[in-house]
Each structure stands twice: as structure tokens, then as C-alpha cells.
Amino acid sequence: MADITLNAVEKHFDGTPALQAITAQIEDGEFVALLGPSGCGKSTLLRLLAGFDAPTRGQISIGAREVANAATNSSVPPEQRNIGFVFQSYALWPHMTVRRNVSFALEVRGLSKADQALHADAALEATGLTSFADRMPADLSGGQRQRVALARCLVSDPEAVLLDEPLANLDVALRATMQQVFLDFHQRTVATMVYVTHDQAEAMAMADRIAVMAEGRIVQFDTPEALYNCPNNRFVAGFVGEGTVLPICEARIGDGGSSARLFGVEIAVRTRDEQPNLLCLRPEDITLCKTGDLRARVLRSTYLGGRYRLTLQTSCGAELLVTSRVRHSVGDQLGLAIGTPWAFYED
Ligand code: ATP
């Protein structure tokens, strides 16, 4: 079992907190993404899980074993945590062939040559690298090098794998292919995976759950669908998916449906709160129509292939994003029908 438990974890650098109040549970075999803007603490959290750094406060367990406890000043070293690492920089041995890079950990563990070859060949086959086994890392593409890093994890049979922006150095087309390679790897190993990224599309495409981080805290830890459809706060509403956060008033909450006033017009809303005061308006919540109580003017129009992305400005001055199959010109006046967007409360 390699569930991961973080209990009131903090990390300070020279007295400045980089992580605060991190309490979270990652289930055995779960694929979790740590998502957030630069400097929010993603890599610091991963380093604490790996054992490269120790927490200033709090406690971390992997499976039944406590691996770090600030109160007792104890920390299990990385090599004793049975964890695999995949870095942006690949971290391969440049003077070893692909096969030896993969089998080296087994060599260190003292496995026989025959067993080393057996496990390394299986890992190379699983990552599509059999025909590259005798090449040196310098003679591989970025995607192939990252596959070597994965094969190396596979051969060590880790309980958990920590990945720090592993696709950041690859081009867009290769990223999509490599996402599938990671998903196949996850299915094959059933290892718990913690994947750091600042790319929300990547997190959405791969993770079972995403911990959205801001300023050293986890601000929402949920499935990709829940983060997109039901954000808890203004930061997540604005950071995950395209959308606009707008104030609402006079919310009426009822079993048969809830409503609130937006720009003076009553609209149906979805909510969990008793008195929501903000609304997250996604492009798909807005339909363009000829009439409608809400009116807006086209500020910008960008062709995305098959559809246009429009930035609209309402008569109150608010800017909204909408997609349309029909071309509209800058300055056009349009009517808007609002679907049933998500409303929430924040101080
Ligand atoms: P990025 O996406 O840019 O890699 P991140 O979310 O991974 O960012 P971290 O690298 O975890 O962010 O950094 C979190 C904060 O901690 C930052 O303000 C950073 O400057 C600070 N920090 C990280 N490591 C150290 C260190 N060794 N000494 C001092 N401050 C540090």
C-alpha cells in the first residue's frame, strides 16, 4: 500500500513559508497532479515527499510508514522510500547505454546478470525502447529520453512515482503522445503517482484528482470535473478553465432550483452555498441570441478553427468569453442567454 498522508505540513526557507497547512490524503494507486502558478510550492511539496528536503512542521506517511516528522526531527532518506522519480531534465547517466541506464539500479541491488537482463528487457519493451537499447542517451530525442526515465522507474517497481514537470522540455505534439505513455505506465504499475505541472490541460487529461495550489496552500483538491464545474473559490474559478468571475446579488436558494441577479437580470444558478455572492461563467454557459435581456458588444474575435473565440463587453463594462460557430465582427451588438452557471460564496 502506498497511500500518502500529509498532516499539517509546512516548509519555511529562512523563516519565509513556502508551504503552509498542507493536510491531504493521496489514495493508493491514485494519479494526482499538483497544479498551480510558478512559485506556489509544487516542487517544494514534491521534494518533501521524495525526502530531498524535510518539513519545518508536520508529518508525512507513505503507506503504513512515517517518512518525515518535524516534531521528532526524523526523515527517511530518499533511497529508502521505495519511490521513483522522473525529472524534467531526465537525469540519465550520459556514459551508459539505454539498457544499462535502465538496469543500473538492479546492478546496485546485486541482482544476477540474467535477472537484470530479464527485468530491463521487460521495462524497455513496455516503454517502446527495445530497438534503442544499445544507444547512448545523447543519441535519443527528448521523448525517448523521458521513456528511458520511465523504464528506469518501471524496473525498480516503486510503490510511488514522483514526476516534476516531465514534459516541460518537449514540443506540443510530443506532449500529447507522452501523456498516453504516462497513463499506460500508471495502468501497468498501479503505482501512486504525484505529477507536478503548471499546465492545466495536462493535469486535466491525466489526473484522477488535482490539488490546485496557490501561495503555498492547497486551495482545492478535487476531480478535474469538479474543479471545472464547481470551483470552491475565486482563484480556482479563474485559474482552471477559461471563465469569468462576476458578483451576483439577491440569491434565492430552493429545492426546486436556485437563482440570483446578474447585471439586473434573474438567472438560474447551481450552488452549494446558502448565500453565494460570486458566479463562475464559462464560455459554454453563454448562448448568443438575437434578443435577450442581456446585451453585449464584441470587443475581440479570434478564429480557432471551426469556431471563434469572442471577448464581449456588457453594458456594465464586464468582459465575458464566448465561443461561436458564426463569425461576428468587432463592434457587433449581441443578445446573451445564460445557462445555469456555478455560484459560490467567498469573503
Ligand atoms: P515553478 O512552477 O516555477 O517551478 P513551484 O510552484 O514549483 O514553481 P517552488 O519551487 O516549490 O515553486 O517554490 C516555492 C517558493 O519557495 C518560491 O517562493 C521559491 O522562491 C521558494 N524556494 C524554493 N526553494 C527554495 C530554497 N532552497 N531556498 C529559498 N527559497 C526557496
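Residues numbered from 1 in each chain as written. Predicted model: local features only at pLDDT ≥ 70, side-chain atom pairs only at ≥ 80, totals over all residues. Heavy atoms only, no water.

**Brief notes about the environment of Leu167**
Then step 1. Residue placement: Leu167 occurs in the loop between strand E8 (160-164) and helix H5 (172-189).
Then step 2. Separated by 84 residues in the primary sequence, Leu167 and Ile83 place their C-alpha atoms 19 Å from one another.
Then step 3. Setting aside residues no more than four positions away along its own chain, Leu167 makes contact with Arg175, Met178, Gln179, Phe182, Tyr195 and Glu202. (Helix = DSSP H or I, 4+ residues; strand = E, 2+ residues; numbered from the N terminus. Contact = heavy atoms within 4.5 Å.)

**Observations concerning the nonpolar core**
Then step 1. Residues Val102, Val161, Phe182 and Ile210 are the most contacted members of the largest nonpolar core, which totals 41 residues.
Then step 2. Per element, the largest residue contribution to this core is seven residues, and it comes from helix H4 (residues 142-156).
Then step 3. Every residue in contact with Ile210, bar those within four places of it in the chain, is listed here: Ala33, Leu35, Ala203, Met204, Gln220, Phe221, Asp222, Pro224 and Leu227.
Then step 4. Of all hydrophobic cores here, the second largest spans 28 residues; its members include Val9, Val32, Ile83 and Val194. (Core = buried A, V, L, I, M, F, W, Y, C linked by side-chain atoms within 4.5 Å. Buried < 20%, exposed > 50% of the residue type's maximum accessible area, 1.4 Å probe, protein only.)

**Observations concerning the pattern of salt bridges**
Then step 1. All told, the structure shown has eleven salt bridges when counted by the stated rule.
Then step 2. One salt bridge connects Glu30 with Arg209, and the closest N-O pair in it is separated by 2.5 Å. You can see Glu30 sitting in the loop between strand E2 (16-26) and strand E3 (31-35) and its partner Arg209 sitting in strand E10 (residues 209-214), a full 179 residues away along the chain. As far as burial versus exposure is concerned, Glu30 and Arg209 are alike and both buried.
Then step 3. For Arg261, the salt bridge identified is with Glu266, shortest N-O distance 3.7 Å.
Then step 4. Here the salt bridges do not stand alone but share partners, grouping Arg175, Asp199 and Glu202 into one network. (Salt bridge = Lys/Arg side-chain N within 4 Å of Asp/Glu carboxyl O.)

**Things to note about unusual backbone geometry**
Then step 1. Backbone geometry places Ala21, a non-glycine residue, at a positive phi of 50 degrees.
Then step 2. Within the secondary structure, Ala21 sits in strand E2.
Then step 3. Phi angles above zero are rare outside glycine, and Glu215 is one such case at about 45 degrees.
Then step 4. Residue placement: Glu215 occurs in the loop between E10 and strand E11 (217-222).

**Looking at the domain arrangement of the protein**
Then step 1. Its domain assignment divides the protein into domain 1 (4-234) and domain 2 (242-344).
Then step 2. A separation of 39 Å is found between the C-alpha centroids of domain 1 and domain 2.
Then step 3. Contact residues are listed per partner, giving eight residues for domain 1 and nine residues for domain 2.
Then step 4. Interface area for domain 1 against domain 2, summed over the two sides, is near 790 Å², with a carbon-plus-sulfur share of 49%.
Then step 5. Among the residues of domain 1 in contact with domain 2, Tyr228, Pro231 and Arg234 are the three that bury the most area, contributing 61% of the side total.
Then step 6. It is helix H7 (residues 224-229) that provides the largest number of residues to the side of domain 1 that touches domain 2, a total of three residues.
Then step 7. Classifying every residue of the side of domain 1 that touches domain 2 by side-chain character gives four nonpolar, three polar and one charged. (Domains from an automatic or database assignment. Buried area = accessible area lost by both parts, 1.4 Å probe. Nonpolar A, V, L, I, M, F, W, Y, C, P; charged D, E, K, R; others polar.)

**What about the site of the ligand?**
Then step 1. The immediate surroundings of the ligand are formed by Phe13, Ala18, Pro37, Ser38, Gly39, Cys40, Gly41, Lys42, Ser43, Thr44 and Glu165.
Then step 2. Gly39 has a polar backbone atom sitting 2.8 Å from an oxygen atom of the ligand.
Then step 3. The separation between an oxygen atom of the ligand and a polar side-chain atom of Thr44 is 2.5 Å.
Then step 4. When the free accessible area of the ligand is taken as 630 Å², the share hidden by the protein chains comes to 54%. (Near = heavy atom within 4 Å. Polar contact = N/O pair within 3.5 Å; in protein donor to acceptor, adjacent residues only side chain to side chain. Areas by Shrake-Rupley, 256 points an atom, 1.4 Å probe, with all protein chains shown as cover.)

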